[in-house]
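Tertiary structure, described
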Amino acid sequence: MGPTALLERDSQLEALRAEQGRGRLVLVAAEAGGGKTALVQAFLAGLPRGVRVLQGACDALFTPRPLGPFADVAHATGGELAQAVEGGARPHEVIGPLVDELRTKPTVLVLEDLHWADESTLDLLRLLGRRVEGLDAPVLVTYRDDELGPAHPLRIVLGDLESTADTLRLRLPSLSAEAVGELAQPHGADAADLYAKTAGNPFFVTEALAGGGEAVPVTVRDAVLARAGRLESRARSLLEAVAIVTPQAELWLLERLAGDSVDALDTCLASGMLTSHENGVAFRHELARRAVEESLSPARRLDLHRRALGALESQGTIDLSRAAHHAEAAGDADAVLRYAPSAGDYASELGASREAAAQYGRALRFSDALGAEARGDLLERRAYACYLVGEFDEALAAQEQALECHRQVGDTRAEGDSLRSLSRLLRYVGRAEEAMRVGEHAVAVLETLPEGRELGLAYCNVSHLHQHLEDEEGERRAQPRARAARRPRRARGTRLRRDDVVVPAGAVVRGGGSLLRAGARVLHRARSRPLA
């Protein structure tokens, strides 16, 4: 990672610099991708000339090589240390040559990824920690603390060293939302979304930015799957089950999805890939969840979503949004149409218009079997929800399709009201002349029917369009106009919607005065109907 990865790492870097020339064990901990290596490399780059750097690392092997990081060091130094390590000496036989080597010249010893260390490496680290105070060489040890379960061998060694050696612990936290925003700004990326997906993990942040619009960068995917691949099979199966459940997997749900594999939960938590919440477990990072989910075979993914849907349906009170999600992923059209529209209505009642639009869109993707009337109703709801969040292209597309559905079933009143809604949307996207033609068409259609709410709104819409199209001179001559009277609407066709009503008070607009007066009269009668 580049220099940007060192945001919010100043205090840790200064702490490392303060240890230069001092014999001390410095423990640098962070989660996977937390920036341990970047911090150490920044420290090493600023060392005075003449200070030797010896580095060794543990490898992610199922059977680690004995004394792995010390073998790297011995290869660099040669001499008695190399002879001891290469000759298969035991830790207590290696510690003497190692200490002697560290005393020969100013040195910094770096031992990386000790969470993968073999037992002999940990034994030698324990011996070195007890002798480090007599040296002029700081020993930097890096490890992933999110992978240390209660019984992890490294955790036990660190506990022993805490009471017998001079140690300094440096813990690297995740980046804050502000730091992620600073990194995202030059790329034009959505900082809030990036932070939500990465939880501030420096590796995930930098790789996501480097990947541009890629959902899960290849580097992130490979790192996540390599980490998951080191787990035993039941733990991997449990990760797969958690990956298809959002935002978190409750324990009762995991039992239905994973069966006996739920016993591997402690292993998954100890690996650092999952984290526990009050009511269940979830992936520590959204990008990691997506990487695991995308790695599933189509058959496995389908099976898990079907199980999840069945489990949710077995509950007394069903979560409509989650049920709709699993129904779509399971390809169950009937279930999608059973849950998605209701989830959209519920979201709309709460003012979550973006979620409502998405749920209506989900239902429409499975609406081939619906009749034109039901499909038109869904399209109307999606158009209005999209309009509320400013997604005007989507709103226009849905409104135009709704209009065609109303025409197919011969519902003249719905057709006229749909034309009026379409006219309003056209005005919002700057197509005022077209909006006027459509608005007048709405009036013409509705005037063939008995007067009602729809005609009053159509008159008001056209009157407003006359105001919108007037030039500056005409606007100055016009009389003052009242602000829009706004009333929310809960059910289409029976109650007024917010932003539906525009009532100019006594305005005489060029070409629009008669429509204004007629609309006001009709609207006065319409107001006697229930409003929500």
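The next subject is the overall build of the chain. Secondary structure summary: the chain contains 26 helices and eight strands in total. Here the chain holds 532 residues, and 51% of them are scored as buried. Intrachain contacts of the chain at a sequence separation of at least 6 include 68% that bridge at least 24 residues. Total accessible area on the chain is roughly 24,600 Å²; 48% of this is exposed by carbon and sulfur atoms.

This part takes up the sheet that holds strand β6 (residues 249-250). Across the sheet, which stays open at both edges, the three strands sit in the order β6-β8-β7 with antiparallel pairing between neighbours. Every other strand in the sheet has two partners, leaving β6 and β7 (274-276) as the edge strands with one partner each. The pairing of β7 with strand β8 (residues 280-283) spans three bridges and is classified as antiparallel. Bridge assignment links Thr275 to a residue of β8, and that residue is Ala282.

Further remarks concern helix α18 (residues 333-349). With 17 residues, α18 extends 24 Å between its outermost C-alpha atoms, agreeing within 8% with the 24 Å of an ideal straight helix rising 1.5 Å per residue. Among all positions in α18, only Ala335, Val336, Tyr339, Ala340, Pro341, Ala343, Gly344 and Ala347 are buried.

Let us now look at the confidence of the model for the chain. Per-residue pLDDT for the chain has a mean of 85; in total, 87% of the residues score no lower than 70. Taken element by element, the predicted model of the chain shows its lowest mean pLDDT in helix α25 (residues 472-477) (34) and its highest in helix α21 (residues 392-409) (97). Low confidence marks residues 1-5, where pLDDT is under 50. Its contacts with residues over four positions away, or in another chain, come to nine contacts. The model gives residues 501-532 a pLDDT under 50, and that stretch makes 66 contacts with residues more than four places away or in other chains.

This part is about the nonpolar core. If you look at the biggest cluster of nonpolar residues, it comprises 45 residues, and the most contacted ones within it are Leu309, Tyr339, Leu379, Leu419, Leu422 and Leu426. For this core, the secondary-structure elements that each account for two or more residues are α17 (320-329), α18, α19 (353-364), α20 (372-388), α21, α22 (412-428), α23 (432-446) and α24 (453-469). Here this core gets eight residues from one element, more than from any other, and that element is α20. Residue contacts for Leu426: discarding those within four places in its chain leaves Leu396, Arg431, Ala432, Glu434, Ala435 and Val438. Counting 44 residues, the second largest nonpolar core, distinct from the first, contains Leu209, Val216, Leu231 and Val262.

Quick look at the pairing of strand β1 (residues 25-30) now. Burial within β1 is extensive, with six of its six residues counted as buried. Every second residue of β1 is oriented toward a common face, with Leu25, Leu27 and Ala29 on one face and Val26, Val28 and Ala30 on the other, all of them buried. The sheet contact formed by β1 and strand β4 (residues 139-144) spans six bridges and is parallel. Of the residues in β4, the one forming a bridge with Leu25 is Val139. In this structure, β1 lies alongside strand β5 (residues 167-171), joined through five bridges in parallel fashion. Looking at the pairing, Ala29 lines up with Arg171 of β5.

Right, let's talk about the packing of α20 against α21 for a bit. Direction vectors running N to C along α20 and α21 enclose 155°, while the axes themselves pass 8 Å from each other. Classed by the angle they form, the pair α20 and α21 counts as roughly antiparallel. For the crossing formed where α20 meets α21, the hand is left-handed. Touching Ala372, Glu373, Arg375, Gly376, Leu379, Glu380, Arg382, Ala383, Cys386 and Tyr387 of α20 are Phe392, Glu394, Ala395, Ala398, Gln399, Gln401, Ala402, Cys405, His406, Gln408 and Val409, all from α21.

The strand order β2-β3-β4-β1-β5 describes an open sheet built from five strands, whose pairing is parallel. At either margin of the open sheet sits one strand with a lone partner, and together these are β2 (52-57) and β5. With strand direction ignored, the average angle separating the axes of adjacent strands in the sheet is 15°. Sheet analysis places β2 next to strand β3 (residues 107-112), joined by six bridges and oriented parallel. Looking across to β3, one finds that Gln55 is bridged to Val110.

A word on the pattern of salt bridges. In total, this model carries 37 salt bridges according to the counting rule given. Notably, a salt bridge pairs Asp166 with Arg24, separated by 3.1 Å at the nearest N-O pair. Pair noted here: Asp166 is in the loop between α7 (153-164) and β5 and Arg24 is in the loop between α1 (10-18) and β1, with a separation of 142 residues, a long-range link. For Glu415, the salt bridge is made with Arg407, and the minimal N-O distance between the two is 3.1 Å. Its relative accessible area of 15% is what places Glu415 among the buried residues. Several salt bridges converge on common partners, so that one network encompasses Arg413, Asp417, Arg420, Arg453 and Glu454.

In this structure the tally under the stated criterion is five aromatic pairs. An aromatic cluster of at least three residues, connected via ring pairs, comprises Tyr384, Tyr387, Phe392 and Tyr428. One residue, Arg424, lies across the ring of Tyr387, its end atom 4.5 Å from the ring centre.

One way to put it is that helix α11 (residues 218-229) packs onto helix α15 (residues 286-295) with a least axis distance of 9 Å and a crossing angle of 80°. Classified by the interaxial angle, the pair formed by α11 and α15 is roughly perpendicular. For the pair formed by α11 and α15, the contact residues are Val220, Arg221, Val224 and Leu225 on the first element and Leu287, Ala288, Ala291, Val292 and Ser295 on the second. For the contact of α11 with α15, the per-class residue count stands at seven nonpolar, one polar and one charged.

Our focus in this paragraph is the side chain of Arg382. Inspection of the secondary structure assignment puts Arg382 in helix α20. Glu391 provides the closest opposite charge to the buried, salt-bridge-free Arg382, at an N-O distance of 5.2 Å. At 2.7 Å, the side chain of Arg382 and the backbone oxygen of Ala357 are in polar contact. Beyond its immediate stretch of four places on either side in the chain, Arg382 contacts Ala357, Ala358, Tyr360, Gly361, Leu364, Glu394 and Ala398.

Reading the values: rules and limits
Along each chain, the written sequence defines residue order, and numbers are assigned to residues from 1. With pLDDT at 70 or above as the cut-off, local features in this predicted model cover only qualifying residues; side-chain atom pairs require 80 or more to be listed or tallied, and sums for whole chains, interfaces and linings still use all residues. Side-chain figures throughout are based on the complete set of non-hydrogen atoms in the structure, without hydrogens or water. Counting from the N terminus, the helices are the DSSP runs of H or I reaching at least four residues and the strands are the DSSP runs of E reaching at least two. Partly exposed residues are those whose accessible area sits between 20% and 50% of the maximum for their type, while under 20% is buried and over 50% is exposed, using a 1.4 Å probe and protein chains only. In what follows, residue pairs with any heavy atoms lying within 4.5 Å of each other are defined as contacts. Values of accessible area rely on a 1.4 Å probe in the Shrake-Rupley scheme; residue burial ignores everything except the protein chains shown. Each pair of strands is called paired provided DSSP finds at least two bridges between the two strands. Under the convention used throughout, the expected extent of a helix is 1.5 Å for every residue step, that is, one less than its residue count. Per residue, pLDDT measures the predictor's confidence, with a range of 0 to 100. Grouping buried Ala, Val, Leu, Ile, Met, Phe, Trp, Tyr and Cys residues that are joined through side-chain atoms within 4.5 Å yields what is termed a nonpolar core. Axes here mean lines fitted to C-alpha atoms, for a helix over just the part in contact, with angles spanning 0 to 180 degrees between N-to-C directions. Geometric relationships in this document are graded by angle, where less than 35 degrees denotes roughly parallel, more than 145 denotes roughly antiparallel, 65 to 115 denotes roughly perpendicular, and other angles denote oblique. By convention the crossing between two helices is left-handed if the near helix lies anticlockwise of the far one by an angle smaller than a right angle, and right-handed if it lies clockwise. One speaks of a salt bridge when a side-chain nitrogen belonging to Lys or Arg is within 4 Å of a carboxyl oxygen belonging to Asp or Glu. Stacked, tilted and edge-to-face are the three classes assigned to paired rings of Phe, Tyr and Trp, where Trp is represented by its six-membered ring and a pair needs centres within 6.5 Å; plane angles under 30 degrees give stacked, over 60 edge-to-face, the rest tilted. The criterion is that NZ of a Lys, or CZ of an Arg, lies within 6 Å of the ring centre and within 35 degrees of the ring normal, and then a charge sits over that ring. Under this grouping Gly is polar, as are all residues other than the nonpolar Ala, Val, Leu, Ile, Met, Phe, Trp, Tyr, Cys and Pro and the charged Asp, Glu, Lys and Arg. When charges are counted, Lys and Arg contribute as positive and Asp and Glu as negative, whereas His and the chain ends are disregarded. Between N or O atoms, a polar contact is any pair within 3.5 Å; within protein, one atom must be a potential hydrogen donor and the other a potential acceptor, and residues adjacent in sequence are included only when both atoms are from side chains.

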